[in-house]
Amino acid sequence: MAAAKSVIDAIAKRFVAVSVLRLLHRDLRRLPADASSPDDLQFELLTPQDVASLSNLPEMEMPACMASRLDQRFKYCFAAKSKSEVVAYYWLAIHEIEAEHNRSGPPTLGVAMRFPDDYVFGYKAFVHPKYRGSGLYTQLVNAACHWAYHTLGSRHLISTVDWTNHAAQRSCRRQQLTPIGSLVRLGWLGRYITCAPRKAAKHGIVFPETASVNSQDAEVKPLLQSRLVGRRGMKHQRALKLVDLRPNRLSFLRIFSFLSVRQQLALGLLSWFAG
């Protein structure tokens, strides 16, 4: 099944711009008892200066632009330190996450999200290569969840992972993150549409119609707002009205009825496996 998903993902991406993310949830009200950290580790928030210093170390995989995020409200970088050196970090955001920080492909395929005040979004987790496989990631995420629960008042953790990244999905399951559904972002001819799972609405998660994709805050106009022209234009518009950004497998295919047969087959297989 894992190999099949990777093949279907590769086939679909040959015909249209597509990204599939698994949307995950963890109930922080069921956190295990707050265990003390190991003697050689300290968990704390990083400052903009700390992040800027990490960006100068290629092995830490910290983009230089991330330091400015800590100057914004509701953005945090939670880190594990060993002997005063950062060995792992995990980014957190409340209220919303920008599309450019919630993607597995180009910036235009990112998905912006807004969520209730008691939700926190976790992303950009990193563990130094020397500490991978030691259980540090689990300790870091648990410590971050406890901090968010007691300091921010968060009661739910949400996150996303690429649907073909099976190692990351297994790691998320160990963190008690359970799937809500799949976020499918599709684009062609400069137009984009986001298909979100129905369960997202039950969690109060919404998806803005426009999203920032770069420093210039360029807007990505969703396909639902585009004017389709041509002999079958009205048919296309009627098909799009069926979507409501929450397609099932049948409407998923009907949306793209104006695509070529190869594109339909590729997206049909993708929707079946991602559903």
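See the structure above.
Residues numbered from 1 in each chain as written. Predicted model: local features only at pLDDT ≥ 70, side-chain atom pairs only at ≥ 80, totals over all residues. Heavy atoms only, no water.

**Section: the overall build of the chain**
So the rule is basically this: Put simply, DSSP marks the helices as runs of H or I at least four residues long and the strands as runs of E at least two long, and each gets a number from the N terminus on. Exposed residues in this analysis have more than 50% of their type's maximum accessible area, buried residues have under 20%, and partly exposed residues fall in between, with area computed by a 1.4 Å probe over protein chains only. The accessible surface values rely on the Shrake-Rupley method and a 1.4 Å probe; as for residues, cover is taken only from the protein chains in view.
Within the chain, the regular secondary structure consists of eight helices and 10 strands. Looking at the chain as a whole, 48% of its 275 residues qualify as buried. Working note: accessible area of the chain is about 14400 Å², and carbon and sulfur atoms make up 52% of it.

**Description of the pairing of strand 7 (residues 119-127)**
So the rule is basically this: For two strands to count as paired, DSSP must find a minimum of two bridges between them.
In terms of burial, strand 7 is largely enclosed, as seven of its nine residues are buried. Of the pairings in the sheet, the one linking strand 4 (residues 85-94) to strand 7 comprises six bridges and is antiparallel in character. Pairing of I94 across the sheet is with V120, part of strand 7. Judged from the three bridges that link them, strand 7 and strand 8 (residues 156-162) form a sheet pairing that is parallel. Residue pairing for strand 8: F121 is matched across the bridge by I158.

**Some words on unusual backbone geometry**
Here H95, not a glycine, exhibits a phi torsion of approximately 75°, which is positive. Phi angles above zero are rare outside glycine, and K124 is one such case at about 50°. With respect to the secondary-structure elements, K124 resides in strand 7.

**Side note on the side chain of N102**
The condition is simple: Two N or O atoms form a polar contact when they lie within 3.5 Å of each other; inside protein one atom must be a possible hydrogen donor and the other a possible acceptor, and for residues adjacent in sequence the pair counts only when both atoms belong to side chains. Should any heavy atoms of two residues lie within 4.5 Å, those residues are considered in contact.
Along the chain, N102 turns up in the loop between strand 5 (96-97) and strand 6 (113-114). Given the relative accessible area of 1%, N102 is considered buried. In terms of polar contacts, N102 uses its side chain to reach the backbone carbonyl oxygen of V111, at 2.9 Å. Aside from chain neighbours lying at most four places away, what touches N102 is L21, I97, G110, V111, M113, F121, T160 and L183.

**Describing the side chain of R185**
With respect to the secondary-structure elements, R185 resides in strand 9 (residues 178-188). Polar contacts involving the side chain of R185 include one to the main-chain carbonyl oxygen of T108, which spans 3.3 Å.

**What to know about the packing of aromatic side chains**
What counts, and what does not: Side-chain rings of Phe, Tyr and Trp, where Trp is taken by its six-membered ring, are said to pair if the distance between their centres is within 6.5 Å; with planes under 30 degrees apart they count as stacked, over 60 as edge-to-face, and otherwise as tilted. We call a charge positioned over a ring when the NZ of a Lys or the CZ of an Arg lies within 6 Å of the ring centre and within 35 degrees of the ring normal.
Applying the stated rule across the entire model yields seven aromatic pairs. Ring geometry for Y76 versus W147: centroids 5.3 Å apart, planes at 65°, classification edge-to-face. Note that Y76 is positioned in strand 3 (residues 75-82) and W147 in helix 3 (residues 136-152), a separation of 71 residues in sequence. Residue class for Y76 comes out buried when judged on its relative accessible area of 18%. Put simply, the rings of F43, Y76, F78 and W147 touch in pairs and so form one group of aromatic residues. Lying over the aromatic face of Y149, R155 brings its terminal NZ or CZ to 3.9 Å of the ring centre.

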